[in-house]
Amino acid sequence: MATLYAPSGRDTPCRPRNGRKFTLDELQTLVGGYVEMVSIPGDVGRRVFFVDEDGRIKGLPANVRASHLAYRLLLGNALLCSPKEVD
């Protein structure tokens, strides 16, 4: 199951509409824009984050919890999921 990390610190469990895989449209809705996949060091192939690739331009707030897990600064909403959950 995927988890949506919000900059506010709120985590929300998420499931794809079809019950199997998130579509591009779903990912864009969850993160609020065009998506960028962010790999997690040391977690190769098991989990990835999807974030808004224009987060800096939009001035989105830092997502402290997601940044801590990704070992890099992530801005705005960040969806943590398995690559197998994405279409």
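Residues numbered from 1 in each chain as written. Predicted model: local features only at pLDDT ≥ 70, side-chain atom pairs only at ≥ 80, totals over all residues. Heavy atoms only, no water.

### Quick look at the side chain of Glu85
Thought 1: Looking at where Glu85 falls in the secondary structure, it is placed in the segment after β5 (78-81).
Thought 2: Here Glu85 sits buried without a salt bridge, and the closest side chain of opposite charge, Arg15, lies 6.9 Å off (N-O distance).
Thought 3: Setting aside residues up to four positions removed in sequence, Glu85 forms contacts with Met1, Ala2, Arg20, Lys21 and Phe22. (Helix = DSSP H or I, 4+ residues; strand = E, 2+ residues; numbered from the N terminus. Buried < 20%, exposed > 50% of the residue type's maximum accessible area, 1.4 Å probe, protein only. Lys, Arg positive; Asp, Glu negative; His and termini not counted. Salt bridge = Lys/Arg side-chain N within 4 Å of Asp/Glu carboxyl O. Contact = heavy atoms within 4.5 Å.)

### Topic: unusual backbone geometry
Glycine aside, a negative phi is what most residues show, and trans is what most peptide bonds show.
Thought 1: A positive phi angle is found at Tyr71, which is not glycine, with a value near 60°.
Thought 2: Within the element layout of this structure, Tyr71 appears in the loop between α3 (64-70) and β5.
Thought 3: Given a relative accessible area of 64%, Tyr71 falls into the exposed group.

### What to know about the packing of aromatic side chains
Thought 1: Here the structure, examined in full by the defined rule, presents 1 aromatic pair.
Thought 2: For the pair Tyr5 and Phe49, a centre-to-centre distance of 5.8 Å together with 70° between the ring planes defines the contact as edge-to-face. Here Phe49 lies in strand β4 (residues 48-52) and Tyr5 lies in strand β1 (residues 2-5), a separation of 44 residues in the sequence. Summarising the burial analysis for this pair, Tyr5 and Phe49 share the class buried. (Phe/Tyr/Trp six-rings, centres within 6.5 Å; stacked < 30°, edge-to-face > 60°.)

Function-wise, these values are silent; they only describe arrangement.
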